[in-house]
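Chain by chain, the residues run as shown.
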Amino acid sequence: MAKIAILGFGTVGRGVLEVCRRNAASIARRAGEPVEVKYILDIRDFSASPDAALFVKDLDVILADPEIRVVVETIGGTRFAYPYVRRCLESGRSVCTSNKEMVATYGAELLALARAHGAAFLFEASVGGGTPIITPMHQCLAANHISRIEGIVNGTTNFMLTKMKRENMEFPEALRIAQQLGYAETKDPGDDVDGRDACRKIAILGSLACGHALYPDNIPTRGIRRITVADIRAAEGLECVVKLIAWYRELPEGGVAAGVEPMLVPDTNQLAGVDDVFNAVLMRGDMLGDVIFYGKGAGKLPTASAVVADVIDALKDGARIHDSLFWQPADKPEGLLQDPDRHTWYLRAAGISAAVLTGLAGDSRLVLDGEQGPACLVRGATTAEMQALCEKIRLLGGEPALVLKRLTD
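Here's a quick rundown of the structure.

Quick notes on the rules
- Residues numbered from 1 in each chain as written.
- Predicted model: local features only at pLDDT ≥ 70, side-chain atom pairs only at ≥ 80, totals over all residues.
- Heavy atoms only, no water.
- Phe/Tyr/Trp six-rings, centres within 6.5 Å; stacked < 30°, edge-to-face > 60°.
- Buried < 20%, exposed > 50% of the residue type's maximum accessible area, 1.4 Å probe, protein only.
- Helix = DSSP H or I, 4+ residues; strand = E, 2+ residues; numbered from the N terminus.
- Pairing = 2+ DSSP bridges.
- Axes fitted to C-alpha atoms, helices over the stretch in contact; angles between N-to-C directions.
- Salt bridge = Lys/Arg side-chain N within 4 Å of Asp/Glu carboxyl O.

1. A closer look at the packing of aromatic side chains
Next, step 1: Summed over the entire model, instances satisfying the criterion amount to nine aromatic pairs.
Next, step 2: A centroid spacing of 6.4 Å and a plane angle of 45 degrees characterise the contact between Phe80 and Tyr84, whose relative ring orientation is tilted.
Next, step 3: The exposure class assigned to Phe80 is partly exposed, which follows from its relative accessible area of 43%.
Next, step 4: Residue classification places Tyr84 among the partly exposed residues on the basis of a relative accessible area of 24%.
Next, step 5: Pairing Tyr82 with Tyr106 gives two aromatic rings, centres 3.8 Å apart and planes at 15 degrees, and the pair type is stacked. Taken together, the residues Tyr82 in helix H4 (residues 81–90) and Tyr106 in helix H5 (residues 100–116) connect sequence positions 24 residues apart.
Next, step 6: Its relative accessible area of 25% is what places Tyr106 among the partly exposed residues.

Encoded structure:
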């Protein structure tokens, strides 16, 4: 029998325990042996829990037990999770996690540590929640060179944008409903609505695609706070929808670019029809072409199911899995991984007239002239040129309220 430990007993930790018990027979069949949770590490008081005997408050208890072969980390963040995971890997125990912040920040280091100590470090649930993305990428697509990734990887913001579109609901009300339903944090929803969650996910996917570490700090990231219903309606007039897109691509001259930003997605694009809390990631391989992964991105049991699947792989394959699941450490570069290409842009500005805006924008046409300011479509501009245009607007006393790039096919 394989004994495992769970670090943290929040939503995902509870889900892991539930999945291990409810699907014990099928898990045992796939792992080749029964899998049992022996310890749960959590500093809170669970003395009234039916599972009180499982709880410990000291990681050393787990590390001192030779029966523990796999540790599941569901604490979140990096303050405690990172040193705990390091110690577990250094002890030769495999670790499975859904912690996107830790993987995006320390992934290369922890992958190397796992290989050095004959263990596995697995994180399928860190990007797609319950939707498999990591495993297909490094196994099923192993014969492909992945040059481009585009995805909707945050279910909270996708739910909010869907509400705004379908029900003419402005951002504050859509956020309130997302918080009521438990999709967004009530105290600080910034990780979702400001794009940080999506940034960490594309850093992980990009690292796996290019083979070396990409750091969230180098990825330009913008969220959805400035989007209004008027912008969404203007997008419809352009046969587009507004989505928060996380993207990565190789550059023809070498190097890579990546970003997270709300974008105009043409109705003909597969990502345009992904609504509510669903996620979708499109990858382009040199042999296969385009492939898309679609499913729910969060939830206790979907996420826990992906974590437990990693537990099975860790028990069966151990460190061998890192023959394909691996990326090299890399120095963090200066600056951002900016997109150098020319695109079509939607630009809305406040505090200036429509005539002034279109006059400044050059090759453009007006698409909105409402209470929140005029908006125009700017053709064939680079990111740097759009930044310069925004600065001109500020010098004239205006404010660039929203800038949306059009997603290219």
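Let us keep going from here.
2. Points about the sheet that holds strand E10 (residues 278–285)
Next, step 1: Here we have nine strands laid out as an open sheet, ordered E11-E10-E7-E8-E9-E15-E12-E14-E13, and mixed in their pairing. Whereas interior strands pair on both sides, the edge strands pair on one side only; in this sheet they are strand E11 (289–296) and strand E13 (364–370). Strand-to-strand, the axes of this sheet are offset by a mean angle of 30 degrees, without reference to chain direction.
Next, step 2: The pairing of strand E7 (residues 146–152) with strand E8 (residues 240–250) spans four bridges and is antiparallel. If you follow Ile149 over to E8, its bridge partner there is Tyr248.

3. So, the pairing of E13
On any regular strand, side chains alternate: one points to one face of the sheet, the next to the other face.
Next, step 1: In terms of strand pairing, E13 meets strand E14 (residues 373–381) through six bridges, oriented antiparallel. Bridge pairing in E14 places Arg365 opposite Leu377.
Next, step 2: The antiparallel pairing of E13 with E14 creates a hairpin that spans two residues between the two strands.

4. Remarks on the pattern of salt bridges
Where charged atoms of side chains with opposite charge meet at close range, the side chains can pair.
Next, step 1: Counted according to the given criterion, the structure contains 38 salt bridges.
Next, step 2: Salt-bridge contacts for Asp194 lead to Arg196; the nearest nitrogen and oxygen are separated by 4.0 Å.
Next, step 3: Judged by its relative accessible area of 23%, Asp194 is partly exposed.
Next, step 4: Across the pair Arg222 and Glu261 runs a salt bridge whose closest N-O atoms are separated by 3.1 Å. With a gap of 39 residues between them, Arg222 in the loop between helix H11 (196–210) and helix H12 (229–237) and Glu261 in strand E9 (residues 256–266) connect regions that are remote in the sequence.
Next, step 5: Assessed through its relative accessible area of 32%, Arg222 is described here as partly exposed.
Next, step 6: Salt bridges here are not isolated pairs; linked through shared partners, they connect Arg222, Arg249, Glu261, Asp339, Asp341 and Lys405.

5. Section: the sheet that holds strand E6 (residues 121–122)
Next, step 1: Read across the open sheet, the six strands follow the order E3-E2-E1-E4-E5-E6; overall the sheet is parallel. Sheet topology places strand E3 (55–56) and E6 at the edges, where each strand pairs with a single neighbour.
Next, step 2: Two strands pair when backbone bridges link them, and strand E1 (residues 2–7) and strand E2 (residues 35–41) are joined in this way by six bridges, in the parallel orientation. By the bridge assignment, Lys3 is partnered in E2 with Glu36.

6. So, the pairing of E9
Next, step 1: Counted residue by residue, E9 has eleven buried out of eleven residues, so it is predominantly covered.
Next, step 2: Going residue by residue along E9, you find Val256, Ala258, Val260, Pro262, Leu264 and Pro266 tucked away on one face and Ala257, Gly259, Glu261, Met263 and Val265 tucked away on the opposite face as well.
Next, step 3: Of the pairings in the sheet, the one linking E8 to E9 comprises eleven bridges and is antiparallel in character. Residue pairing in the sheet places Glu250 in a bridge with Val256 of E9.
Next, step 4: Counted between consecutive antiparallel strands, the loop separating E8 from E9 contains five residues, among which Gly254 sits at a positive phi close to 105 degrees.

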